[in-house]
Amino acid sequence: MRVVLPILLAGGAALSSTSANAQAAPPDIGPHGVVAIGAGVVPEYDGAEDLRAIPFVQADVHWGDINLEIRGLRARADLASDPRLSIGPVIGARLPRSDVDGAVGLLPDIDTAIEAGGFIGYRFGGDESGQGALAMELSVVHDVSGVHDGLLATASASYAAVRRDDFFLSLEAQTTWVNQDYARTYFGVTPAESAASGLATYSPGSGIKDVGVGVTAGYWFSERFGVTGRIGANYLVGDIADSPVTEEGRRWQPSGGLAIAYRF
């Protein structure tokens, strides 16, 4: 489900930039970067009111001109040699909707979906440490597992408000467009499902799914160890917001996480 991704993804620009600034080692000495592991909370499913605990995992490993990134359930490779440009493939998992309470729990379960695609981004401005930089990015993924057969396009922006050797702070915003297949799988209700659940029949179309904001910050206790965290929220809009699934939950989708970070 999409709400898992902001908590695990949006801190990426901050973590990656800090890793690059802290690690000035040349690429020919081998891999170097940052790994962060902790715990977080996200909505139980996309549109839900209740929260559930999940792992909060981030990693940026630089090896030559390639930057391998892990954001929880999603992994990608930045293949651009230009430090301001980022481009490459991405693959990730969307968590299932199952064992849900209430009327939504009477709808058919949705299995874990595997999504693959690509991303492109560019960083504007900023000083030598990266402070003041504005990073813009577009990612497009498609379900390759046959669970929802949908397409999602996410546009995001991240501003590096503070970049110091021991502290960083980033502000983020994003919005996601989804096609009809995705919308109907997660937010639609067929006549048969309506009869089983009591929810009104609903057939959403493609469009903007949500808008979101977040804050990511981190502090380094030493050269190797630190802590990073993020809080944020998405607000469901359009056909997605009008869905009976959302009405059973809420439009605001908060998330947060805290992790111990190690750089090498």
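Bear in mind that the values here come from a model prediction, so they are computed numbers and not experimental data.

Engineer: Please clarify how the overall build of the chain should be interpreted in this entry.
Structural biologist: Counting secondary structure elements, the chain contains six helices and twelve strands. Relative to its full complement of 264 residues, the chain shows a buried share of 47%.

Engineer: What's the story with the sheet that holds strand β1 (residues 32–43) in this structure? I'm lost.
Structural biologist: The strands that make up a sheet pair up through hydrogen bonds in the backbone, lying either parallel or antiparallel. The strand order around the closed barrel built from twelve strands is β1-β2-β3-β4-β5-β6-β7-β8-β9-β10-β11-β12, with neighbouring strands paired in antiparallel fashion. Going across the sheet, the axis of each strand differs from the next one's by a mean of 20°, ignoring polarity. Both strand β7 (residues 134–143) and strand β8 (residues 151–163) contribute to a ladder of nine bridges, which runs antiparallel. Along β8, the bridge assignment pairs E137 with S156. Against the sheet, helix α3 (residues 180–187) makes contact with β5 (85–94), β6 (113–124), β8, β9 (167–178), β10 (207–220) and β11 (225–236), and its axis sits at roughly 100° relative to β9, the strand it touches most.

Engineer: Quick question: what am I supposed to make of unusual backbone geometry here?
Structural biologist: Excluding glycine, residues mostly carry a negative phi; peptide bonds, for their part, are mostly trans. With a phi angle near 55°, D99 is a residue other than glycine that sits in the positive phi range. Note that D99 resides in the loop between β5 and β6. For D99, a relative accessible area of 70% translates into the label exposed. One non-glycine residue, D149, lies in the positive phi region at around 55°. Note on D149: relative accessible area 39%, which makes it partly exposed.

Engineer: What exactly am I supposed to notice about the pairing of strand β2 (residues 51–63) here?
Structural biologist: Where β1 lies against β2, twelve bridges are found, and the strand directions are antiparallel. Pairing of A39 across the sheet is with P55, part of β2.

Engineer: Explain the pattern of salt bridges to me, please; I cannot follow it from the model alone.
Structural biologist: On inspection of all chains with the given rule, the structure shows ten salt bridges. Measuring nitrogen to oxygen at the nearest pair gives 2.8 Å for the salt bridge that ties D60 to R71. Taken together, the positions of D60 in strand β2 and R71 in strand β3 (residues 66–71) put the pair eleven residues apart, joining distant regions of the chain. One exposure class covers both D60 and R71, and it is buried.

Engineer: Would you explain the nonpolar core in this entry?
Structural biologist: The tendency in soluble globular proteins is for nonpolar side chains to be buried side by side. Among the nonpolar cores identified, the biggest contains 24 residues, and Y45, V104, L107, Y186, F187, L199 and V245 are the most heavily contacted of them. Breaking this core down by element, the ones donating at least two residues are β6, α3 and α5 (238–241). When residues of this core are assigned to their parent elements, the largest contribution, four residues, is made by α3. Apart from residues lying up to four places away in sequence, V104 is in contact with Y45, R97, L199, V245 and E248. Listed in part, the seven residues of the second largest apolar core include V34, F56, W220 and A259.

Engineer: Would you take a moment to explain a negative patch on the surface for this structure?
Structural biologist: On the surface, a cluster of negative charge is made up of E49, D50, D99, D101, D109 and D111. Tracing the chain through its elements places D109 in the loop between β5 and β6.

Engineer: Can you help me understand the environment of A161 in this one?
Structural biologist: For A161, the position within the fold is in strand β8. By relative accessible area, A161 is classed as partly exposed at 23%. Along the chain, A161 and L171 lie ten residues apart, while their C-alpha atoms are 6.9 Å from each other. Look past the residues within four positions of A161 in its chain and what remains in contact with it is Q131, L169 and S170.

Rules of the game
- Residues numbered from 1 in each chain as written.
- Predicted model: local features only at pLDDT ≥ 70, side-chain atom pairs only at ≥ 80, totals over all residues.
- Heavy atoms only, no water.
- Helix = DSSP H or I, 4+ residues; strand = E, 2+ residues; numbered from the N terminus.
- Buried < 20%, exposed > 50% of the residue type's maximum accessible area, 1.4 Å probe, protein only.
- Pairing = 2+ DSSP bridges.
- Axes fitted to C-alpha atoms, helices over the stretch in contact; angles between N-to-C directions.
- Contact = heavy atoms within 4.5 Å.
- Salt bridge = Lys/Arg side-chain N within 4 Å of Asp/Glu carboxyl O.
- Core = buried A, V, L, I, M, F, W, Y, C linked by side-chain atoms within 4.5 Å.
- Patch = residues over 30% accessible without salt bridge, like charges linked within 9 Å, V, L, I, M, F, W, Y side chains within 5 Å.
- Areas by Shrake-Rupley, 256 points an atom, 1.4 Å probe, with all protein chains shown as cover.
- Lys, Arg positive; Asp, Glu negative; His and termini not counted.
- Charge placed at Lys NZ, Arg CZ, Asp CG, Glu CD.

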